[in-house]
Amino acid sequence: MLISVDQDSSVPPYEQVRGQLAELIGDGRLPVGSRLPTVRQLAADLRLAANTVARAYRELEGAGLLETRGRNGTFVAPGRDDAVDRLHRVAVEYAAEARRLGVAPDRAVALVRAALDATRHD
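Only a predicted model underlies this, so the values are computations on that prediction, with no experimental measurement involved.

1. Quick look at the overall build of the protein chain
For the protein chain, the count of helices and strands is five helices and two strands. Written out in order from the N terminus, the α and β elements of the protein chain read α-α-α-β-β-α-α. Taken over the C-alpha trace, the protein chain has a radius of gyration of 15 Å; the compact-globule value for 122 residues is 14 Å, and the two agree within 12%. Overall, the protein chain is about 45 × 35 × 20 Å in size when its C-alpha atoms are taken along their principal axes. Counting only residues that meet the buried cut, the protein chain has 29% of its 122 residues in that class. A sequence separation of at least 24 residues applies to 50% of the contacts in the protein chain between residues at least 6 apart. Surface summary for the protein chain: the accessible area is close to 8,100 Å², and the carbon and sulfur share equals 52%. Side chains of the protein chain carry 17 positive and 17 negative charges; the gap between the two charge centres is 5 Å.

Here it is in structure tokens:
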């Protein structure tokens, strides 16, 4: 798998893993149905704690990008629609731009929440 973690980065390791997996899913390099390594295997490969990888997987599952099938493993989730895929690609671009500009992840997310809140009042 094409994931790496920069231990010197200000971005937490779980967020690096989550972001890279989301990008791989979003651009189709990890197509629907692809089986991901177990939490323990990916953690060992990246020299991270298993809880770090588990958190990244949980967040991706919560976003509908992954599904866990019990003992069968974790897979790229099916059933995403085109609108969600397009929005995900835009989100990946936004995240890359925020990182390039040096905006902290919490601040970048707060900006998106503020924009979403502003559109509710239209």
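2. Looking at the domain arrangement of the protein chain
Segmenting the protein chain into domains produces domain 1 (13-76) and domain 2 (83-120). Each of domain 1 and domain 2 has a C-alpha centre, and these two points are 20 Å apart.

3. What to know about the side chain of Thr-74
As for its placement among the helices and strands, Thr-74 is situated in strand 2 (residues 74-76). Relative accessible area serves as the criterion here: at 11%, Thr-74 is assigned to the buried category. In this view, Thr-74 contacts Ser-34, Arg-35, Leu-36, Tyr-57, Leu-66, Glu-67 and Thr-68; residues no more than four positions away in its chain are not counted.

4. Topic: the nonpolar core
Counting 20 residues, the largest nonpolar core has Val-17, Leu-21, Leu-46, Tyr-57 and Leu-66 as its most contacted members. Elements supplying a minimum of two residues to this core: helix 1 (13-26), helix 2 (39-46) and helix 3 (50-62). Here the element with the most residues in this core is helix 1; it accounts for five residues. If near-sequence neighbours (up to four positions away) are discounted, Val-17 is found in contact with Val-5, Leu-42, Leu-46, Leu-48 and Ala-56.

5. Topic: the packing of aromatic side chains
Enumeration over the complete set of coordinates arrives at zero aromatic pairs. The residue whose ring lies beneath Arg-69 is Phe-75, and the NZ or CZ to ring-centre distance is 3.9 Å.

Criteria and thresholds
- Residues numbered from 1 in each chain as written.
- Predicted model: local features only at pLDDT ≥ 70, side-chain atom pairs only at ≥ 80, totals over all residues.
- Heavy atoms only, no water.
- Helix = DSSP H or I, 4+ residues; strand = E, 2+ residues; numbered from the N terminus.
- Rg over C-alpha atoms; globule rule 2.2 N^0.38 Å.
- Buried < 20%, exposed > 50% of the residue type's maximum accessible area, 1.4 Å probe, protein only.
- Contact = heavy atoms within 4.5 Å.
- Areas by Shrake-Rupley, 256 points an atom, 1.4 Å probe, with all protein chains shown as cover.
- Lys, Arg positive; Asp, Glu negative; His and termini not counted.
- Charge placed at Lys NZ, Arg CZ, Asp CG, Glu CD.
- Domains from an automatic or database assignment.
- Core = buried A, V, L, I, M, F, W, Y, C linked by side-chain atoms within 4.5 Å.
- Phe/Tyr/Trp six-rings, centres within 6.5 Å; stacked < 30°, edge-to-face > 60°.
- Lys NZ or Arg CZ within 6 Å of the ring centre and 35° of its normal.

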